[in-house]
Amino acid sequence: MQAIAVFPSKKSLKLIDLPQPKPQEANDVLLRVHEVGLCGTDREISSFEYGSPPPGSDHLILGHESLAEVVEVGRGVRSLRPRDLVVAIVRRPCPHAECRACRGGRQDFCITGDYTERGIKGADGFLADYVVEDEAYLVKVPRVLADVAVLVEPLTVVTKAADQAQAIFNRLPYEPGPLRGLVLGAGPIGLLGAMVLVADGFETVVYSRDTDQSKQAQLVRSVGAKYMSSTSNPIETLAKGSGQFDVVLEAVGFAPLMLAATQMLKPNGVLALTGVPPEAATAELNVGRALRNLVLRNELVFGAVNAGRRDHLSAIRHLEQFMVLFPDSVRALITDRVALDEVPQILTEKRGIKSVVEMSRAA
Ligand code: BGC
């Protein structure tokens, strides 16, 4: 079978041939991969800035936004059957007894940092014709979602952030509302974030550098959110007055904007950061004012990374809701479907919104 692998020590990314994997354990599931979405993380890995091969290997098979079909199940597998469609959870627990997050099945909150992530850190990914996976890390997806279910994994980034923002709101001693939400960035995560906020009843604004005429801006408007381009609206317009938003969902990874986002909150507001800026990034901020506001206005800033099973279930529920509310907008997020051998090329260029690698067609 074929796969796409990055060889960090040789600084190369290429199509490789390797034997089809065989299930070994009772809980193993053999999967035929249908589709894999590509994202900024894959671009960073393929430019050798991030990620690591499994221990002892000189290469890492890429791909973590998966959609696959069950081919064969081990004798211990209870929840899945051949032909089921599944999305794999990316992160695997660390081995340490003291990590209560990992031991409790919540490796998305791993304390030690020694977790692995398939297709990213220390474990091969899904850009291969077949993979074997433990039942514990597979989430079944309804077949009606087959043509968009590859969006489940990126959607978990925002369902995790939005569900936690909601939990934080639950601390308020009054019923907040009507709620205003701001999404920073109109890449796939930002656009999915806008859909989540709209579906959750927020009056939603998306702010990004794409023009008002861009595909991204049209998509934002098509789900009932407002689009503001940074080309015609300076950032200060968002912080006008005393801040305008109950929830700000950041999906850019640009450090100055991430810091400036603290100025855009209403009192008691919540800022969720999901972008990952380069370590060397610096930015200026009036820290006195920002910190003063955080305290005097009960504001909260938190980071969110990776997703557990409950975030996947929330993503699937949201995707079902989106397919009733604005199905064409969801489909429009996938701007190109490409073949496996095109991946090295695709990862070096900026394409539409979301590129998806088509491995085999859902039957
Ligand atoms: C993936 C997450 C992962 C994160 C950091 C993201 O692209 O969606 O599952 O935890 O990268 O490696």
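In case you missed it, the structure is sitting above this.
Residues numbered from 1 in each chain as written. Predicted model: local features only at pLDDT ≥ 70, side-chain atom pairs only at ≥ 80, totals over all residues. Heavy atoms only, no water.

**Student:** How do you make sense of the overall build of the protein chain when you look at a structure like this?
**Tutor:** Per the secondary structure count, the protein chain includes ten helices and 19 strands. Taken against the 2.2 N^0.38 rule, which gives 21 Å for 363 residues, the C-alpha radius of gyration of the protein chain at 21 Å falls within 12% of a compact globule. Taken across its 363 residues, the protein chain has 52% of its residues classed as buried. Put simply, 67% of the contacts in the protein chain that link residues at least 6 apart link residues at least 24 apart. For the protein chain, the exposed surface amounts to about 16,400 Å²; the carbon and sulfur share of it is 53%. (Helix = DSSP H or I, 4+ residues; strand = E, 2+ residues; numbered from the N terminus. Rg over C-alpha atoms; globule rule 2.2 N^0.38 Å. Buried < 20%, exposed > 50% of the residue type's maximum accessible area, 1.4 Å probe, protein only. Contact = heavy atoms within 4.5 Å. Areas by Shrake-Rupley, 256 points an atom, 1.4 Å probe, with all protein chains shown as cover.)

**Student:** I would appreciate a short explanation of the site of the ligand in the present structure.
**Tutor:** Residues in close proximity to the ligand include Cys39, Thr41, Tyr50, His64, Val90, Arg91, Glu117, Ile120, Glu153, Val305 and Asn306, which together make up its full environment. A distance of 2.7 Å separates an oxygen atom of the ligand from a polar side-chain atom of Tyr50. In the model, an oxygen atom of the ligand is placed 3.3 Å from a nitrogen or oxygen of the His64 side chain. About the coverage of the ligand: the protein hides 88% of its 310 Å² of free accessible area. Class assignment for the residues of the shell around the ligand results in five nonpolar, three polar and three charged. (Near = heavy atom within 4 Å. Polar contact = N/O pair within 3.5 Å; in protein donor to acceptor, adjacent residues only side chain to side chain. Nonpolar A, V, L, I, M, F, W, Y, C, P; charged D, E, K, R; others polar.)

**Student:** Help me understand the nonpolar core, please; the structure alone is not making it clear to me.
**Tutor:** Nonpolar side chains tend toward joint burial in soluble globular proteins. By size, the foremost hydrophobic cluster in this structure holds 58 residues, and its most contacted members are Leu145, Leu155, Met195, Leu319, Phe322, Val330 and Leu333. Those residues in contact with Leu155 that lie beyond four places of it in its chain are Leu192, Val196, Ala315, His318, Leu319 and Phe322. (Core = buried A, V, L, I, M, F, W, Y, C linked by side-chain atoms within 4.5 Å.)

**Student:** Is there a simple way to explain the sheet that holds strand S7 (residues 91–92) in this structure?
**Tutor:** Consider a sheet: its strands pair through backbone hydrogen bonds, and that pairing is either parallel or antiparallel. Reading across the sheet, the three strands line up as S7-S8-S9 and stay open at both edges, with mixed pairing between neighbours. Every interior strand has two partners, whereas the edge strands, S7 and strand S9 (122–123), have only one. (Pairing = 2+ DSSP bridges.)

**Student:** Can you help me understand the side chain of Thr159 in this one?
**Tutor:** Mapped onto the secondary structure, Thr159 falls in helix H3 (residues 152–169). At a separation of 3.4 Å, a polar atom in the side chain of Thr159 contacts the main-chain carbonyl oxygen of Thr156.

**Student:** Mind showing me how you'd approach the environment of Ala315 here?
**Tutor:** You can see Ala315 is positioned in helix H8 (residues 309–325). Separated by 163 residues in sequence, Ala315 and Val152 have C-alpha atoms that sit 5.9 Å apart.

**Student:** I keep staring at the pairing of strand S5 (residues 65–73) and nothing clicks. Help me out?
**Tutor:** Regular strands show a simple pattern: their side chains alternate between the two faces of the sheet. Taken together, the eight bridges between strand S3 (residues 28–37) and S5 define a ladder with antiparallel strand orientation. Counted as the bridge partner of Val29 is Val73 from S5. Where S5 meets strand S6 (residues 85–88), two bridges bridge the pair, whose relative direction is antiparallel. Looking at S6, one finds that Ala68 is bridged to Val86.

**Student:** Honestly, the state of the cysteines in this entry has me stumped. Any pointers?
**Tutor:** Here, disulfide denotes a covalent bond that connects the sulfur atoms of two cysteines. Overall, the coordinates contain zero disulfides when judged by the stated rule. Cys110 carries a free sulfur, and the closest cysteine sulfur to it, the one in Cys102, is 3.7 Å from it. (Disulfide = S-S within 2.5 Å.)

**Student:** Teacher, can you tell me more about unusual backbone geometry here?
**Tutor:** Generally, phi is negative for residues other than glycine and the peptide bonds are trans, each holding for most cases. With phi around 85°, Arg83 is a residue other than glycine that occupies positive phi space. Locating Arg83 in the fold gives a position in the loop between S5 and S6. Note on Arg83: relative accessible area 45%, which makes it partly exposed. Within the chain, Asn306 stands out as a residue other than glycine whose phi angle is a positive 60°. Along the chain, the position of Asn306 falls in the loop between strand S17 (300–303) and H8.

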